[in-house]
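# Fold and geometry: a report
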Amino acid sequence: ALTAAAVPAAGHRACPQLAREQALAQPVSPEARVRLLLRAGDAGRAPLLVVGRPPESLVAPVLVSPQTAEQRLAADVEAARRQRPTTQPVLEALQQAIATARAFGASTREAEALLAALAAAYEREKRTALDGLARAMDALDAPGIRAGVERCRSMLLAETVRETLLRERHGAVSSQLASAREAEREERSRRLPSIEALVGAMRALGDHRGRQFHNDLQDLKGALRVFCRVRPLNAREEGLGDGIGVSVADPFTVAVQGAGSSVQLHAYDAVFGPAASQPEVFAECRSLVQSAFDGYNVTIFSYGQTGAGKTWTLYGSAEEPGIAPRTCDEVFRLAARDGDRFDFEVRASMLELYCNDLLDLLGRLKDPPRLELRNVRQPDGSLAVRPDGAVEVRVKSSRELSQVVTMGLTQRKVKRTSMNADSSRSHCLLVISMQVTDCISGQSRLGKITIVDLAGSERLGKGSGMDETLQRETIEINKSLTALGDVMMAFTSRSKVIPYRNHKLTQLMQDSLGGSAKTLMFVNVSPAASNVDETVNALKYASRARCIENDARKHR
């Protein structure tokens with residue numbers, strides 16, 4: 001009984017409680033019933049034995065003498081002594097074992113003394129854990145909340161903590177969100193991490209309202225946010241003795257050295273300096289993956305001149321993976337976390353837009369046909385633009401998803417060799433679509449993550465000596481980026497007509513800007529003084545995007 005109560009198991013995905021009830025109802029031997037209970041567990045979130053069921057139904061048939069009862073009780077006592085931390089199911093199982101042993105005339109004095117000591121220690125540890133979490137919530141102490149939640153979960157106190165959070169929800173969270181809405185953008189950004197920790201605690205403990213708070217929080221961050229990342233000087237720039245023309249003034253501001261002693265300041269939702277690591281950057285994006293699971297469109301795209309670090313930020317390397325591979329891992333981490341309540345179907349596609357030709361990077365043809373765009377009616381009644389005939393691969397693990405991404409990038413490399421279109425000469429779009437179905441209600445919601453590596457922005461005049469192909473590529477890149485800038489300008493000026501149809505790029509990104517999306521833009525810049533003019537152009541472009549206000553909507 002103690003072993004069945006203490007050992008977590010893999011879990012019945014559809015309905016753990018139903019699985020346990022079915023296991024208890026099976027007309028099988030006690031040993032087989034214990035094995036069924038172990039398989040019907042739900043990862044330690046609830047006791048595997050149903051408290052209150054007569055212990056004889058499991059134990060009595062296999063106990064035949066006081067000696068056997070004492071031996072079984074001794075084993076249960078030893079198991080309870082080793083279990084850390086002590087939990088309520090362990091105490092209940094030990095109590096059942098004592099009652100069963102007593103019914104067979106076995107001595108239970110040692111077990112009763114241990115039960116009393118463990119019960120007293122459990123109450124002290126429970127009170128300490130709950131009080132610590134309450135203090136952390138009152139202070140909105142983000143590390144304290146995370147540590148408190150983990151401690152309570154290890155003691156199987158999820159239900160108790162959930163009730164506490166439900167009482168606090170409309171007070172602490174709602175008031176903090178309301179206060180943050182009234183704050184200036186930079187001040188709001190400073191407050192949000194603490195609120196995010198409290199909302200994260202709610203979701204971790206299964207509070208369904210936590211989903212709404214999570215997405216309210218994302219909207220407060222800005223349905224369209226702009227991050228700036230400044231790369232280090234590269235070897236070529238160092239070899240030429242290039243100076244530093246761009247620096248990080250504070251976590252929200254980048255400074256550009258102008259003519260003479262003048263300095264231009266540009267403010268964004270976050271600024272990452274040359275020393276920022278790939279995990280630090282992804283930490284600011286991770287919560288968007290949860291929004292996609294909640295039924296929203298999520299888009300992450302990078303903008304900047306050629307060689308500014310766009311592809312590094314999004315894809316990185318095998319040793320230092322960027323946002324896209326880390327997103328692959330996060331998608332299936334969330335799917336595993338909620339696998340007992342939801343069914344997930346994940347699909348991926350990859351496209352390349354080169355000189356206004358749309359190509360499928362997952363097609364296996366040596367010379368894939370050009371794709372055309374068509375309008376598709378969404379479940380919510382809205383129209384969306386989709387590439388006609390693009391390959392969409394169903395994936396069941398982060399490894400499979402990463403393999404799809406690798407295959408797409410390999411295809412892109414081959415194509416740009418034959419067409420002279422490298423990472424800075426074409427736009428690359430990775431689309432991860434997901435359908436999430438509630439196992440109990442059967443209701444589904446659709447979400448999508450689009451990661452866009454835009455071609456490098458560059459003035460034609462700076463490319464003196466370009467051959468005809470490079471000039472044509474640069475012209476087409478500038479046309480597409482200008483069209484994207486026109487769409488952003490239309491939103492900032494509140495124009496009634498948004499010029500999506502001016503280019504295939506803006507048609508593909510139609511549900512990413514000003515529509516039903518949560519969007520994150522990276523502006524990647526070089527720190528070199530020789531690139532200051534290009535850097536200022538990129539920063540001004542990004543500043544226009546920061547003024548857009550999306551109306552994020554969930555897709556059911």
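Here the residue index of a chain counts from 1 through its sequence in written order. Side-chain atom pairs in this predicted model are given and counted only at pLDDT of 80 or more, local residue features only at pLDDT of at least 70, and totals for whole chains, interfaces and linings cover all residues. Based on all heavy atoms of the structure, the side-chain values leave hydrogens and waters out of the count.

## What about the pattern of salt bridges?
The term salt bridge refers to a pairing of a side-chain nitrogen on Lys or Arg with a carboxyl oxygen on Asp or Glu at a separation within 4 Å. A full pass over the atoms with the stated rule returns 15 salt bridges. The closest approach of N and O atoms between aspartate 131 and arginine 127, which form a salt bridge, is 3.3 Å. Here aspartate 131 and its partner arginine 127 are both found in helix 6 (residues 109-139), four residues apart, which amounts to about one turn of the helix. Buried, partly exposed and exposed residues are distinguished by accessible area as a fraction of the type maximum, computed with a 1.4 Å probe on protein chains only: under 20%, between the cut-offs, and over 50%, respectively. The class of aspartate 131 is partly exposed, set by a relative accessible area of 31%. With a closest N to O distance of 3.4 Å, arginine 286 and glutamate 330 form a salt bridge. Of the two residues, arginine 286 sits in helix 13 (residues 286-293) while glutamate 330 sits in helix 15 (residues 323-337), which places them 44 residues apart along the sequence. The exposure class of arginine 286 is partly exposed, given its relative accessible area of 36%. By relative accessible area, which is 6% here, glutamate 330 ends up buried. If you follow the salt bridges from partner to partner, you end up with Glu78, Arg81, Arg82 and Glu110 in one network. Where helices and strands are cited, they refer to DSSP runs of H or I of at least four residues and of E of at least two residues respectively, numbered from the N terminus.

## Brief notes about helix 19 (residues 532-545)
Its 14 residues place the ends of helix 19 20 Å apart at the C-alpha level, agreeing with the 20 Å of an ideal helix rising 1.5 Å per residue. Those residues of helix 19 that fall on the buried side of the exposure criterion are Val532, Glu534, Thr535, Val536, Ala538, Leu539, Tyr541, Ala542 and Ala545. What a helix is expected to span follows from its residue count: subtract one and scale by 1.5 Å.

## With respect to the UniProt feature "binding site: ATP" (unreviewed entry) in the protein chain
UniProt positions are given in the numbering used here, feature names are shortened, and annotations may be inferred rather than shown by experiment. Feature annotation in UniProt places "binding site: ATP" (unreviewed entry) on Gly304, Gln305, Thr306, Gly307, Ala308, Gly309, Lys310 and Thr311, given in this structure's numbering. Of note, glycine 304 is situated in the loop between strand 6 (297-303) and helix 14 (310-314). For glycine 304, a relative accessible area of 0% puts it in the buried group. Secondary-structure assignment places glycine 307 in the loop between strand 6 and helix 14.

## Quick look at the sheet that holds strand 2 (residues 246-250)
The strand order across the open sheet built from three strands is 2-3-4, with neighbouring strands paired in antiparallel fashion. Each of the sheet's edge strands pairs with one partner strand only, and the pair in question is strand 2 and strand 4 (263-267). Looking at each pair of strands side by side, their axes are set apart by 30 degrees on average, direction ignored. Across four bridges, the pairing between strand 2 and strand 3 (residues 253-257) is antiparallel. Paired with valine 248 across the strands is valine 254, a residue of strand 3. Packing against the sheet, helix 19 makes contact with strand 2, strand 3 and strand 4, and its axis sits at approximately 150 degrees to strand 3. Pairing between strands is defined by DSSP: at least two bridges between them are needed. Note on method: axes are straight lines fitted to C-alpha atoms, helices fitted across the in-contact stretch only, with angles between N-to-C directions ranging 0 to 180 degrees. Whether two residues are in contact is decided by their heavy atoms, any of which lying within 4.5 Å being enough.

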